[in-house]
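# Coordinates in review
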Amino acid sequence: MMELDVSIHGEGWGDSMPALPVQVVRVQNREVAIRILDACDDF
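Below you will find a few notes about this structure. (Residues numbered from 1 in each chain as written. Predicted model: local features only at pLDDT ≥ 70, side-chain atom pairs only at ≥ 80, totals over all residues. Heavy atoms only, no water.)

A word on the environment of Met17. Along the chain, the position of Met17 falls in the loop between β1 (3-6) and β2 (20-28). A residue is classified by how much of its surface remains accessible, and Met17, at 43% relative accessible area, is partly exposed. Considering only alpha carbons, one finds Met17 and Ser7, 10 residues apart in sequence, at a separation of 7.7 Å. (Helix = DSSP H or I, 4+ residues; strand = E, 2+ residues; numbered from the N terminus. Buried < 20%, exposed > 50% of the residue type's maximum accessible area, 1.4 Å probe, protein only.)

Here you go:
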């Protein structure tokens, strides 16, 4: 499982929002499923 920091762009998300830590949970064809990590998550 890969962990990344992602920045979300679009309506409702400001340019000043910090990147979110996420974990890739599935990759299928051209789709990627991610889970936003909480600072308290245990791995």
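Keep in mind that most residues, glycine aside, have a negative phi and that most peptide bonds are trans. Unusually for a residue other than glycine, Asn29 sits at a positive phi of about 55 degrees. By the element assignment, Asn29 lies in the loop between β2 and β3 (31-36). When its relative accessible area of 76% is taken as the criterion, Asn29 is described as exposed.

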